[in-house]
Structure formats: C-alpha cells, structure tokens
Amino acid sequence: MYIYVYISETVCLSVVLLLSVVCLGVSSQQITDSQRLFSIAVNRVTHLHLLAQRLFSDFESSLQTEEQRQLNKIFLQDFCNSDYIISPIDKHETQRSSVLKLLSISYRLVESWEFPSRSLSGGSSLRNQISPRLSELKTGILLLIRANQDEAENYPDSDALQHAPYGNYYQSLGGNESLRQTYELLACFKKDMHKVETYLTVAKCRLSPEANCTL
C-alpha cells in the first residue's frame, strides 16, 4: 500500500518535471525566434537610418551655408506627418512603453513612408534601395506584432494596421522640388527612421531581462 502510494507520487513528480522541462523548452524556443526576428528588424532599420542620413547629408552639402541655416530654422518650427502618430515624448516614456506599443508605433511610422519614399531626392542607387527595404521591414514588424498580440487586447489587429489612414502631406511634397519641401521630406524621413530604430532596439532588449535597456 505504502509502496504503491510512493510509486504514484514519484511518477506524478516525474510527469510534472517533464512537463516543466517541455514548457521551458517551448518558451525558450519562442524567445529565440523572437530574438532572431528582432535582430533582423533592427538590422534593417539601422541600414535605412544610415541611408536616410546619407541622403540628407548629400542634400545639405549641395546647399549654401545661409540656405542651410534658414532651412534648419524653418524645419525646427515645422512638423512632420508622423507627428500625428501618437508616440513616446521622451526616452523615459519609451522605456516604460510595452513591446506591443513600440511595435505598433514602429509599424505605422514605416507604413507612412512606403509611398512618399519614392519621391525622396538623392542618387538613384540609394533611393532605389529604400522602398523595398521599407516593405521588408514592415513585414518583419507585422510578424513581431502577431507574435506579441496576446500581450494586450487593446491594440489594433494586423488588418487595422494595414489600413491605417494617413494624410497627403508627404505625397504633396513629392511633386514639388523646392528647397524647403525637399529638405523637410529628407529631414522627416531621417527623424522617423531614428525613432523606429530606437523603438525596435528597446523592444528587442526587453527579451533579455538581465540586459540594461537604458537609452
């Protein structure tokens, strides 16, 4: 009798331990897959940010000193289309934001540039790299959003994200090659890619509890 109870308890304990190991393995695999996807996304947006800096730098170098000063002054008082997308106001709010929130904002920022990126000024070799890379990045972020959807129910699903409305601010800039409009378009693209790079980097860091995610 006692032997039977002892054996039953031993078997139950073994089953519990086995299930724990299996669950731990599945959880670890999910984290590994997410880390891989995040690494790819961060690498892609880092490259896009570098391209944006290159295009902006090339354009600035073609201007006279006074033109640069005036355009920079105007841009500081102006706004980008992405300013309508609610996002963290500083690094502290960024660090407090959930992974899903950072991913959702990043998705909208990237999506808002898919069409206007075709009108960016600069060398064709650089410009031609941007649109396909934005599409690849958007797809990667969407996969990460789906993987993190169970984190909260208050964020839009993938269909809602795909149909997020945007104004024609950038589109109207694309057809006009005035210095101010070209400057604003390139400066806003650079600014938004920097935002996405920051958000994805912080979100990726959250997968490593021991990591220091301080900006």
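Because the structure is predicted, anything quoted here is derived from the model rather than measured.

**Q** What's the story with the overall build of the protein chain in this structure? I'm lost.
**A** Scanning the protein chain from terminus to terminus reveals 8 helices and 0 strands. In the protein chain, the succession of helices and strands from N to C terminus is α-α-α-α-α-α-α-α. Going through the 215 residues of the protein chain one by one, you find that 35% of them count as buried. Summed over all atoms, the accessible surface of the protein chain reaches about 12,600 Å², with 56% contributed by carbon and sulfur.

**Q** What is the right way to read helix α4 (residues 99-111) from this model?
**A** Residue pairs three or four apart in sequence face the same way in an α-helix, which turns once every 3.6 residues. Compared with the 18 Å implied by 1.5 Å per residue over 13 residues, the 18 Å span of α4 between its first and last C-alpha is a close match. Counted residue by residue, α4 has 11 buried out of 13 residues, so it is predominantly covered. Residues of α4 that are buried include every one of Val99, Leu100, Leu102, Leu103, Ser104, Ile105, Ser106, Tyr107, Leu109, Val110 and Glu111, and no others.

**Q** Which parts of the structure should I look at to understand the confidence of the model for the protein chain?
**A** Keep in mind that low pLDDT regions are not for reading the predicted coordinates in detail. When pLDDT is averaged across the protein chain, the result is 75; 67% of the residues are at 70 or more. Long-range and interchain partners of residues 2-7, a stretch whose pLDDT sits below 50, account for 0 contacts in this model, where long-range means more than four residues apart. Low confidence marks residues 152-177, where pLDDT is under 50. Its contacts with residues over four positions away, or in another chain, come to 52 contacts.

**Q** I tried to follow the nonpolar core on my own but got confused; where do I start?
**A** One broad rule of soluble globular proteins: the nonpolar side chains tend to lie buried together. Within the largest apolar cluster, 44 residues are counted, with the highest numbers of intra-cluster contacts made by Leu137 and Leu200. Mapped by element, the contributors of at least two residues to this core are α1 (2-61), α4, α5 (124-147) and α8 (179-205). Among the elements that make up this core, the one with the highest residue count is α8 (12 residues). In this structure Leu137 touches Ala41, Arg44, Val45, Leu48, Val110, Val196 and Leu200, once residues within four positions along its chain are discounted.

**Q** Please clarify how the environment of Asp83 should be interpreted in this entry.
**A** Position of Asp83 relative to the elements: it lies in the loop between α2 (65-77) and α3 (91-96). Beyond its immediate chain neighbours, meaning those up to four positions away, Asp83 contacts Lys191 and Lys195.

**Q** Honestly, the pattern of salt bridges in this entry has me stumped. Any pointers?
**A** What the rule picks out here adds up to 5 salt bridges. One salt bridge in this structure joins Lys191 and Asp83, with 3.2 Å as the shortest N-O distance. Remark: Asp83 occurs in the loop between α2 and α3 and Lys191 occurs in helix α8; sequence separation between them is 108 residues. When the shortest N-O distance is used, the salt bridge between Glu184 and Arg180 registers 3.1 Å. Of this pair, Glu184 and Arg180 both sit in helix α8, 4 residues apart, which is roughly one turn of that helix. A relative accessible area of 4% means that Glu184 is categorised as buried.

**Q** Just checking my understanding: could you explain the side chain of Ser34 for this structure?
**A** Among the secondary structure elements, Ser34 is positioned in helix α1. The class of Ser34 is buried, set by a relative accessible area of 14%. Sequence-distant contacts of Ser34, that is, excluding residues within four places in its chain, are made with Leu144 and Leu207.

**Q** Whenever I open this one, the packing of aromatic side chains confuses me. Can you help?
**A** Where two aromatic rings form a pair, the distance of their centres and the angle of their planes describe that pair. Summed over all chains, the structure comprises 2 aromatic pairs. Here the basic side chain of Lys190 rests over the ring of Phe56, its NZ or CZ set 4.9 Å away from the ring centre.

**Q** Mind showing me how you'd approach the state of the cysteines here?
**A** What we call a disulfide is simply a covalent bond connecting the sulfur atoms of a pair of cysteines. Within the structure shown, the criterion is met by 1 disulfide. One disulfide in the model links Cys80 with Cys188; its S-S distance is 2.1 Å. Taking the sign of the S-S torsion, -90° for the link of Cys80 and Cys188, the bridge is left-handed. Of this pair, Cys80 sits in the loop between α2 and α3 while Cys188 sits in helix α8, and the two are 108 residues apart along the sequence. Overall, the relative accessible area of 0% leaves Cys80 in the buried class. Among the residues examined, Cys188 registers a relative accessible area of 0% and is labelled buried.

Procedures and definitions
Residues numbered from 1 in each chain as written. Predicted model: local features only at pLDDT ≥ 70, side-chain atom pairs only at ≥ 80, totals over all residues. Heavy atoms only, no water. Helix = DSSP H or I, 4+ residues; strand = E, 2+ residues; numbered from the N terminus. Buried < 20%, exposed > 50% of the residue type's maximum accessible area, 1.4 Å probe, protein only. Areas by Shrake-Rupley, 256 points an atom, 1.4 Å probe, with all protein chains shown as cover. Expected span 1.5 Å × (residues − 1). pLDDT = per-residue confidence, 0-100. Contact = heavy atoms within 4.5 Å. Core = buried A, V, L, I, M, F, W, Y, C linked by side-chain atoms within 4.5 Å. Salt bridge = Lys/Arg side-chain N within 4 Å of Asp/Glu carboxyl O. Phe/Tyr/Trp six-rings, centres within 6.5 Å; stacked < 30°, edge-to-face > 60°. Lys NZ or Arg CZ within 6 Å of the ring centre and 35° of its normal. Disulfide = S-S within 2.5 Å.

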